[in-house]
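What the coordinates show
In case you want the letters, here they are:
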Amino acid sequence: MESGMGVDSKAQKPRFFVAVHVGAGYHSPSNEKALRSAMKRACLAAASILRKGPGGCVDAVATAVQVLEDDPSTNAGRGSNLTEDGSVECDASLTDGHSGAFGAVGAVPGIPNAIQIAALLVKEQMKGSSLLGRIPPMFLVGEGARIWAKSKGIVLPETVMETDQWLVTPKAKAQWKHYKAMLLGTKAENDISFDGNSCNAQQTALIRDSQAQTCDTSEENRVGQSYMRIPSEEDSIMDTVGVICVDTEGHIASGASSGGIALKVSGRVGLAAMYGSGCWASLKGPFGAPFIVGSCVTGAGEYLMKGFAARECCVSSSLSQAGPASACMEVLRSVVHDSSQNDTDKSAGILLVQADAPITVPGNPPKLKAVEIAAVYSALSFGIGYFGSSMERPKVSILRSTQQQNRTGIFDHFEARIDLSTENSL
């Protein structure tokens, strides 16, 4: 009798899967330990919600992303890249595959956790029309997003300046000074070459002071805008962080958050906030057949936005006979080719989770069986982690390519299949 009860209890234990990433680009080896720790904590935070049973995917994604936002080693929330004027403006979005609801914020200042607002926007949409039949917002930007969040009870610091005191880390500030000096130097050289005049005394002083605070950048200045792609032991230039969660009944959600590219123009809205570009989740394929899939995309922004990369990866995966990794490589290859005429950084990373149809037994709710995870990247490195109910602990890794491969357009990838019906697999 006791044995039968044990089997029944085991059968009712909720199954789940969570995958996270900390961006594609270049991850300094000196920062790797901190990033791995952040990914582990994010996986465990999501798992603590998913273990409670079905219906918690949105909260699980938001909670895991918040862990990554709060960690200063990532480019989201605290530790974000700074705008050209030295402040923090964050982007975030969240997609619920079950309802199709999407919520996003862009270029929002003074917000420690932009994903909180995105998650609340999703929940408001799931409730339906508000007073007088007003349509709930889907995408909020700038100061308006901050005001709306406060009106909905999200506790925020009184001022943007107060928030920035916590969000702006010494590392981000030093990086900003470094790139600001290089920008000033390049502008000064252009002024001299085009006008034939030297820069004024004030500009010269700014350049000299800025360079003194960073390092000699004359070599890097000679390559113009490509300085943003030159890695060093100190550099850690990444974009979005992302999370994908699947609950015990096969519901799926995904979310993304980012501080944006370094030295971005104030008001710039990046990949992490854009519909169909930064994250996507769905329970159906393009022709309506059941298909559980979610993805997150990270990279150098604009060209990935135009390709609706996250959504396209999910659609491609549902149609592919070669598996999710192959489908993602085809999408990445396509968007890179379409933007090849632009001299911009093509670094990118795609994280995708595809789940088998849940097991259905008469009289019992559906039960998640297995998932496939795929990570495809064209960058020098891509930080990913994952954790399932059948695993003892999260697996995390900084996947690394070579500069030679990155230059020749060869895409590296990782893929794995995880059986969630077993217990404590490694």
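As a reminder, the structure under discussion sits directly above these lines.
Definitions and cut-offs
- Counting of residues starts from 1 at the beginning of each chain's written sequence and follows it residue by residue.
- Thresholds applied to this predicted model are a pLDDT of at least 70 for local features of residues and 80 or more for the giving and counting of side-chain atom pairs; totals over whole chains, interfaces and linings are not thresholded and use all residues.
- Excluding hydrogens and water, the side-chain values take into account all heavy atoms of the structure.
- A helix here means a DSSP run of H or I that spans at least four residues, while a strand means a run of E at least two residues long, and both kinds are numbered starting from the N terminus.
- Relative accessibility thresholds used throughout: buried, under 20% of the residue-type maximum; exposed, over 50%; partly exposed, between the two (1.4 Å probe, protein chains only).
- In what follows, a contact means two residues having at least one pair of non-hydrogen atoms within 4.5 Å.
- Using a 1.4 Å probe, the Shrake-Rupley method yields the accessible areas, and only the shown protein chains count as cover for residues.
- Two strands are said to pair when DSSP picks up at least two bridges between them.
- Each axis is a line fitted through C-alpha atoms, and for a helix only the stretch in contact is used; angles between axes span 0 to 180 degrees, taken between their N-to-C directions.
- To define a nonpolar core, start from buried Ala, Val, Leu, Ile, Met, Phe, Trp, Tyr and Cys residues and group those joined through side-chain atoms within 4.5 Å.
- Points on a 1 Å grid, built from protein atoms alone, make a cavity when a 1.4 Å probe fits but cannot get out and make a pocket when they are open with protein on both sides within 12 Å along at least 5 of 7 lines; residues with an atom within 4 Å of a point are the lining residues.
- Grid points are joined across faces, edges and corners, and a volume is the space filled by probe spheres set on the points.
- Polar here means any residue other than Ala, Val, Leu, Ile, Met, Phe, Trp, Tyr, Cys and Pro, which are nonpolar, and Asp, Glu, Lys and Arg, which are charged; Gly is therefore polar.
- Any carboxyl oxygen of Asp or Glu within 4 Å of a side-chain nitrogen of Lys or Arg constitutes a salt bridge here.
- Relative orientations are named as follows: roughly parallel for angles under 35 degrees, roughly antiparallel for angles over 145 degrees, roughly perpendicular for angles from 65 to 115 degrees, and oblique for any other angle.
- Each helix crossing is assigned a hand: it is left-handed if the near helix lies turned anticlockwise from the far helix by less than a right angle, otherwise right-handed if that turn is clockwise.
- Note on aromatic contacts: the rings of Phe and Tyr and the six-membered ring of Trp form a pair at centre separations within 6.5 Å, being stacked when their planes are under 30 degrees apart, edge-to-face when over 60 apart, and tilted otherwise.

1. Here we look at the overall build of the chain
- In terms of helices and strands, the chain carries 13 helices and 13 strands.
- When burial is assessed residue by residue, the chain has 54% of its 426 residues classed as buried.
- Long-range contacts, defined as pairs at least 24 residues apart, comprise 72% of the intrachain contacts of the chain with a sequence gap of at least 6.
- As displayed, the chain offers around 18,900 Å² of accessible surface, 55% of which is attributable to carbon and sulfur atoms.

2. What to know about the sheet that holds strand S3 (residues 102–109)
- If you trace the eight strands from one edge of the open sheet to the other, you get S4-S3-S2-S6-S5-S1-S11-S12, paired in mixed fashion. Edge positions in the sheet fall to strand S4 (139–141) and strand S12 (395–400), since each has one partner strand and no second. Taking the axes of each pair of neighbouring strands and ignoring which way they run, one obtains an average angle of 10 degrees across the sheet.
- The pairing of strand S2 (residues 89–96) with strand S6 (residues 252–258) spans six bridges and is antiparallel. Residue pairing for S6: Thr95 is matched across the bridge by Ser254.
- Against the sheet, helix H2 (residues 32–50) makes contact with strand S1 (17–25), strand S5 (241–246), strand S11 (381–388) and S12, and its axis sits at roughly 140 degrees relative to S12, the strand it touches most.
- In the packing of helix H4 (residues 114–127) onto the sheet, the strands contacted are S2, S3, S4 and S6, and the crossing angle to S2 comes to about 35 degrees.

3. A few points about the nonpolar core
- Counting residues in hydrophobic clusters, the biggest one holds 91 residues, and the most contacted among them are Phe17, Leu94, Val105, Val243 and Cys245.
- Within the second largest apolar cluster, 23 residues are counted, among which are Val297, Met305, Ala348 and Ile350.

4. Points about the sheet that holds strand S7 (residues 279–284)
- Ordered by their spatial adjacency, five strands build an open sheet running S7-S8-S9-S10-S13, and the pairing between neighbours is antiparallel. Both outer strands of the open sheet, S7 and strand S13 (412–419), are each paired with one neighbouring strand and no more. Shown here is a sheet whose adjacent strand axes are inclined to one another by a mean of 10 degrees, direction ignored.
- As paired strands, strand S8 (residues 290–299) and strand S9 (residues 348–355) are joined by eight bridges and run antiparallel to one another. In the strand pairing of S9, Ser295 is matched with Leu352.

5. Some points on empty space enclosed by the protein
- Inspection of every chain in the model, using the stated rule, returns two cavities of 30 Å³ or more.
- Approximately 30 Å³ is the volume found for the second largest cavity.
- Residue lining of the second largest cavity: Asn81, Leu82, Ala172, Gln175, Trp176, Tyr179, Ala262 and Leu263, and that is the complete set.
- In terms of residue class, the lining of the second largest cavity is made up of six nonpolar, two polar and no charged.

6. Structural notes on the pattern of salt bridges
- Under the counting rule described, the total for this entry stands at twelve salt bridges.
- Measuring nitrogen to oxygen at the nearest pair gives 2.5 Å for the salt bridge that ties Asp59 to Lys123. In this pair, Asp59 sits in helix H3 (residues 57–70) while Lys123 sits in helix H4, placing the two residues 64 residues apart along the sequence.
- Here Asp59 falls in the partly exposed class, since its relative accessible area comes to 34%.
- A salt bridge links Asp356 to Arg417, with the shortest nitrogen-to-oxygen separation between them at 2.4 Å. Here Asp356, found in the loop between S9 and strand S10 (370–377), pairs with Arg417, found in strand S13; they are 61 residues apart in sequence, far enough to count as distant.
- One salt-bridge network, held together by shared partners, links Glu124, Lys127 and Lys152.

7. Comments concerning the packing of H3 against H4
- In the contact formed by H3 and H4, the axes pass within 9 Å of each other and the chain directions differ by 170 degrees. Considering their axes alone, H3 and H4 lie roughly antiparallel with respect to each other. H4 is crossed by H3, and the crossing has right-handed handedness. Here H3 contributes Val58, Asp59, Ala62, Val65, Gln66 and Glu69 to the contact with H4, which in turn contributes Ala114, Ile115, Gln116, Ala119, Val122 and Lys123.

8. Brief notes about unusual backbone geometry
- Phi at Leu263 takes a positive value of approximately 65 degrees, unusual for a residue other than glycine.
- Within the element layout of this structure, Leu263 appears in the loop between S6 and S7.
- The buried category is assigned to Leu263, whose relative accessible area is 13%.
- We note that Phe308 has phi near 45 degrees; this positive angle belongs to a residue other than glycine.
- Examined against the element boundaries, Phe308 turns out to sit in the loop between helix H10 (302–306) and helix H11 (309–319).
- With a relative accessible area of 41%, Phe308 lands in the partly exposed category.

9. So, the packing of aromatic side chains
- With the rule as written, the count across this model stands at six aromatic pairs.
- A centroid spacing of 5.7 Å and a plane angle of 70 degrees characterise the contact between Phe16 and Phe387, whose relative ring orientation is edge-to-face. Of this pair, Phe16 sits in the loop between helix H1 (2–12) and S1 while Phe387 sits in strand S11; the two residues are 371 residues apart in sequence, bridging distant segments of the chain. Here Phe16 and Phe387 have matching classes, each one buried.
- Each ring, one from Phe17 and one from Tyr386, has its centre 6.0 Å from the other, and the planes form 35 degrees; the classification is tilted. One end of the pair, Phe17, is in strand S1; the other, Tyr386, is in strand S11, with 369 residues separating them in the sequence. The two residues Phe17 and Tyr386 agree in class, both being buried.

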